[in-house]
Amino acid sequence: MADGRLADPPPAAGRGYPRDEVEFGDEEYAPRLRLSRRGIAVLGALGAAVVGVLAWLVFFSPALDVRSVAVQGAADDKLTADQVRAAIGELGGGPLARVDLDDVKKRVEAIPRVAGAEVWRGWPHTLRVKLTQRTAVAAVKGEDGRFTQVDAAGVSFATEAAAPAGVPVVELRLSQQAADAEPVLGRPQLVQAAVAVAAGLPAEIRQRAGAVLVHSYDDIQLQLSGGTTVRWGSAEQIDRKARVLVALMHQKGTNFDVSAPEAPAVSG
């Protein structure tokens, strides 16, 4: 105080000194948890044991066994849920996690009336199956008088004594020329052409179609309810012929000809 001024007060903590010399972070004195190698090994073993127990419960124990097989899409007497369960057989048993879904799907789709299937796990105890049944677009009359149902993909899936209601019957009434050409163009090809025609018919026409008569490859004929006849021709240009026939049906007549769709005709 020689010059008459008061001496400066001593610097407060943290002023005029490096920060790291006067302040200490809380973490510097926080206790740190350090595991020994033995502790890490113990924790690892416990974790592995827990995983092992869970794996055993899921994949091997009866705790999550399949207790039911739920089937959707089999709602009539032609294909029942019990038939689907019988087809799945032993694959539908044991722990749910171990069920081979692809194998179950293949077994279900091997049923003739099944067009496709979805299979999944319904935890904790249910194997779920959703299937799509085949729908007949035609019934092919055989030489024995029985009727084989065929879907839009051309797959035959059932043979019965009578044709399903509302499904046109395909019948071969081959001309002599067609019969002579059978070694070249056989009956299966002719039936396939007729089924393709039946599958391509609009709903309002298919419901009226009682029969699809095959005289030859290019002479297919439809017999509709009410005595109406449609000369279809070959199985070519099915979509175009169908559109022309729908338009033509607004005219009066009993005989319709769409064998040449660019020049259709009505008579009778």
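Just so it is clear, the model here is predicted, and its values are computed rather than measured. (Residues numbered from 1 in each chain as written. Predicted model: local features only at pLDDT ≥ 70, side-chain atom pairs only at ≥ 80, totals over all residues. Heavy atoms only, no water.)

### As for the nonpolar core
Definition in use: Buried Ala, Val, Leu, Ile, Met, Phe, Trp, Tyr and Cys residues form a nonpolar core when they are joined through side-chain atoms within 4.5 Å. To sort residues, take the accessible area from a 1.4 Å probe on protein chains only and compare it with the maximum for the residue type: under 20% means buried, over 50% means exposed, and anything in between is partly exposed. Only runs of H or I of at least four residues qualify as helices and only runs of E of at least two qualify as strands under DSSP, and these elements are numbered from the N terminus. Only heavy atoms matter for contacts: two residues are in contact if any of them lie within 4.5 Å across the pair.
Among the nonpolar cores identified, the biggest contains 31 residues, and V170, V195, L222, V230, W232 and L245 are the most heavily contacted of them. When contributions to this core are tallied by element, the ones reaching two or more residues are β4 (136-141), α7 (187-200), β8 (209-216), β9 (219-224), β10 (228-233) and α9 (238-248). Broken down by element, this core gets its largest block of residues, 7 residues, from α7. When residues no more than four places from it in sequence are discounted, the contact partners of V170 are A138, A139, V140, K141, A194, V195, V212 and V214. In this structure, V84, V108, V114 and V129 belong to the second largest nonpolar core, which totals 19 residues.

### Description of the environment of A263
Looking at the secondary structure, you find A263 in the loop between β11 (255-257) and β12 (265-267). Separated by 19 residues in sequence, A263 and V244 have C-alpha atoms that sit 9.6 Å apart.

### A word on the pairing of β9
If a strand is regular, its side chains alternate between the two faces of the sheet. Stated precisely, the cut-off is as follows: When DSSP finds at least two bridges between two strands, those strands are taken to pair.
The two faces of β9 differ: I220, L222 and L224 on one face are buried, but D219, Q221 and Q223 on the other face are not. The sheet contact formed by β8 and β9 spans 6 bridges and is antiparallel. Opposite A209, over in β9, you have L224 as the bridge partner. Where β8 folds back on β9, the antiparallel hairpin that results is connected by 2 residues. Sheet topology places β9 next to β10; 5 bridges connect them, and they run antiparallel.

### Structural notes on the packing of helix α4 (residues 81-88) against helix α5 (residues 101-109)
Rule in force here: Each axis is a line fitted through C-alpha atoms, taken for helices only over the stretch in contact, and angles between the N-to-C directions span 0 to 180 degrees. Comment on the angle field: the value is read as roughly parallel under 35 degrees, roughly antiparallel over 145, roughly perpendicular from 65 to 115, and oblique elsewhere. A crossing counts as left-handed when the near helix is turned anticlockwise from the far one by less than a right angle, and as right-handed when that turn is clockwise. Amino acids outside the nonpolar list (Ala, Val, Leu, Ile, Met, Phe, Trp, Tyr, Cys, Pro) and the charged list (Asp, Glu, Lys, Arg) are all regarded as polar, and Gly is one of them.
Two elements in contact, α4 and α5, have axes whose closest approach is 8 Å; the angle formed by their N-to-C orientations is 125°. By the angle class used here, α4 and α5 are oblique. Judged by the sense of rotation from one axis to the other, the crossing of α4 with α5 is right-handed. Counted together, V84, A87 and I88 of α4 and V104, R107 and V108 of α5 form the full contact between these two elements. Residues of the contact of α4 with α5, tallied by class, amount to 5 nonpolar, no polar and 1 charged.

### A short note on α4
Count 3.6 residues to each turn of an α-helix, and residues three or four apart come out pointing the same way. Just so we agree on the cut-off: Here the arc refers to the directions that run from the helix axis out to each C-beta atom.
Of all the residues in α4, the buried ones are A81, V84 and I88. Taken down its axis, α4 places every buried residue within 60° of arc, on the same side. Counted as exposed and oriented over 90 degrees from the buried face of α4: D82 and A86. Buried residues along α4 sit in contact with β1 (68-72), α5 and β3 (126-133). Looking one or two places after α4, you find G89, whose phi comes out positive at around 60°.

Just distances and angles here, no functional claims.
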